[in-house]
Amino acid sequence: MAMNSSSAPLIDARDLVKTYAMGDQEVHALDGVSLQIEKGGFVAIMGASGSGKSTLMNILGCLDRPTSGHYSLAGEAVESLDGDALARVRNRRIGFVFQQFNLLPRTSAQENVELPMVYAGVSTAERHRRALLALDRVGLGARAGHTPAELSGGQQQRVAIARALVNEPQLILADEPTGALDTRTSEDIMRLLADLNDQGITVVLVTHEPDIAAWARRRLVFRDGRIVEDVAQTPVRHATEEAAP
């Protein structure tokens, strides 16, 4: 799908192949995937288990490398970077949100949010300041001192989103971000991600749920390591606003 943008896309993936050896057979997790995502995009990726969507997310997140093909993130070719360089790209450009929150259980919300800055070498005072700002941004400033056990599932996911935001990433990768949440809380989290997207952050999420994918501006469907559907759509909340009297 071509992007009508005068600037280079944030994500530019071309002919990505990822193969794994399974005994004496080769399995093609990705089979020649090409994909561009513009800055400020909001993309939902769907597909059955084993379709290739998680493999793609790992490559987009600089957690894995393709067997062949080319991947540029914000104009930087990343497929050939070594492990340390990939880690720097992840820390500088990407925020991750996972289904299970991945918070340290005996650590306060503020300290959980500070973790990416510890790895980035940010000073203690600056870590405190930025963590509190990020928690305010997701509506949890008053809960900074609470541990995950003292927070609801939705609040824990908000802490995880604050942690993803704290290094001011260009891209948020969300893997089933509402999978462990009830319907109402899921809507709250999707509204937050949509608000962040409206502020200019690119959001790419994997989901099995059509009602979650409906929040995105673009939907991709994977099958057998290939993109079989790539459509622009009106996000559900915009459609609701347009239908209102």
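See the structure above.
Here's a quick rundown of the structure. Please read all numbers here as calculations on a predicted model, not as lab measurements.

1. A look at the packing of helix α3 (residues 109–120) against helix α4 (residues 124–137)
And step 1. The interhelical angle for the contact between α3 and α4, taken along N-to-C directions, is 120°, at an axis separation of 9 Å. Looking at the two axes, α3 sits oblique to α4. The handedness of the crossing between α3 and α4 is right-handed. Across from Ala-109, Gln-110, Val-113, Glu-114, Met-117 and Val-118 in α3, the residues of α4 making contact are Arg-127, His-128, Arg-130, Ala-131, Leu-132, Ala-134 and Leu-135.

2. What to know about the sheet that holds strand β10 (residues 226–232)
And step 1. Pairing is mixed in the open sheet, where six strands are placed in the order β6-β7-β8-β3-β9-β10. With partners counted over all chains shown, the strands left at the sheet margins are β6 (94–98) and β10, one partner each. Averaged over all neighbouring strand pairs, the angle between strand axes comes to 15°, with direction disregarded.
And step 2. Where strand β3 (residues 42–47) lies against strand β8 (residues 202–206), four bridges are found, and the strand directions are parallel. When the bridges of β8 are listed, Val-43 appears paired with Val-204.
And step 3. Lying on the sheet, helix α5 (residues 153–165) is in contact with β6 and β7 (171–175); it crosses β6 at an angle near 165°.

3. Digging into the sheet that holds strand β2 (residues 25–37)
And step 1. As summarised here, the arrangement of the four strands in space is β2-β1-β4-β5, forming an open sheet in which the pairing is antiparallel. Looking along the sheet, the strands with just one partner apiece sit at the ends: β2 and β5 (76–77).
And step 2. Here strand β4 (residues 68–73) pairs with β5 via two bridges, running antiparallel. Looking across to β5, one finds that Ser-72 is bridged to Ala-77.
And step 3. Running at roughly 120° to strand β1 (residues 11–22), helix α1 (residues 53–60) makes contact with β1, β2 and β4 of the sheet.

4. Looking at helix α2 (residues 83–93)
And step 1. Listing the buried residues of α2 in full gives Ala-85, Leu-86, Val-89 and Arg-93. Down the axis of α2, the buried side of the element spans an arc of 100°, and every buried residue falls inside it. Exposed side chains of α2 directed beyond 90 degrees from the buried face belong to Asp-84 and Arg-88.
And step 2. The inward-facing, buried residues of α2 abut β4, β5, β6 and β7.
And step 3. The backbone nitrogen of Asp-84 has a side-chain oxygen 3.2 Å away, supplied by the residue at the start of α2, namely Asp-82.

5. Some thoughts on the environment of Arg-129
And step 1. Locating Arg-129 in the fold gives a position in helix α4.
And step 2. Residues Arg-129 and Ser-80, spaced 49 residues apart in sequence, show a C-alpha to C-alpha distance of 35 Å.

6. Overview of the side chain of Gln-156
And step 1. Inspection of the secondary structure assignment puts Gln-156 in helix α5.
And step 2. Given a relative accessible area of 17%, Gln-156 falls into the buried group.
And step 3. Dropping the residues within four chain positions of it, Gln-156 is found in contact with Phe-101, Leu-103, Pro-148 and Leu-151.

7. Digging into the pairing of β10
And step 1. With six bridges connecting them, strand β9 (residues 218–223) and β10 associate as antiparallel partners. Within the sheet, the bridge partner assigned to Val-221 lies in β10 and is Glu-229.
And step 2. Between the end of β9 and the start of β10, which pair antiparallel, lie two residues, with Asp-224 showing a positive phi angle near 55°.

8. Here we look at the side chain of Lys-53
And step 1. Residue placement: Lys-53 occurs in helix α1.
And step 2. Buried Lys-53, no salt bridge; nearest opposite-charge side chain is Glu-176, N-O distance 5.7 Å.
And step 3. A polar contact of 2.8 Å, which involves the side chain of Lys-53, links it to the backbone oxygen of Gly-47.
And step 4. There is a polar contact of 3.2 Å between the side chain of Lys-53 and the backbone oxygen of Ala-48.
And step 5. Excluding residues that lie within four positions of it along the chain, Lys-53 makes contacts with Ile-45, Met-46, Gly-47, Ala-48, Val-206, His-208 and Phe-222.

9. Let's talk about the nonpolar core
And step 1. Residues Phe-42, Val-113, Leu-135, Val-159, Ile-161 and Leu-196 are the most contacted members of the largest nonpolar core, which totals 41 residues.
And step 2. Of all the secondary structure elements, the ones that give two or more residues to this core are β3, α3, α4, α5, β7, α6 (183–198), β8 and α7 (210–213).
And step 3. Core analysis: the next-biggest nonpolar cluster, separate from the first, contains 30 residues, Ile-45, Val-89, Ile-94 and Phe-222 among them.

Reading guide: rules and limits
- Residues numbered from 1 in each chain as written.
- Predicted model: local features only at pLDDT ≥ 70, side-chain atom pairs only at ≥ 80, totals over all residues.
- Heavy atoms only, no water.
- Axes fitted to C-alpha atoms, helices over the stretch in contact; angles between N-to-C directions.
- Helix = DSSP H or I, 4+ residues; strand = E, 2+ residues; numbered from the N terminus.
- Parallel < 35°, antiparallel > 145°, perpendicular 65-115°, else oblique.
- Left-handed = near helix turned anticlockwise from the far one by under 90°.
- Contact = heavy atoms within 4.5 Å.
- Pairing = 2+ DSSP bridges.
- Buried < 20%, exposed > 50% of the residue type's maximum accessible area, 1.4 Å probe, protein only.
- Arc of directions from axis to C-beta.
- Polar contact = N/O pair within 3.5 Å; in protein donor to acceptor, adjacent residues only side chain to side chain.
- Lys, Arg positive; Asp, Glu negative; His and termini not counted.
- Salt bridge = Lys/Arg side-chain N within 4 Å of Asp/Glu carboxyl O.
- Core = buried A, V, L, I, M, F, W, Y, C linked by side-chain atoms within 4.5 Å.

The quantities given are spatial measurements derived from coordinates; they are silent on function.
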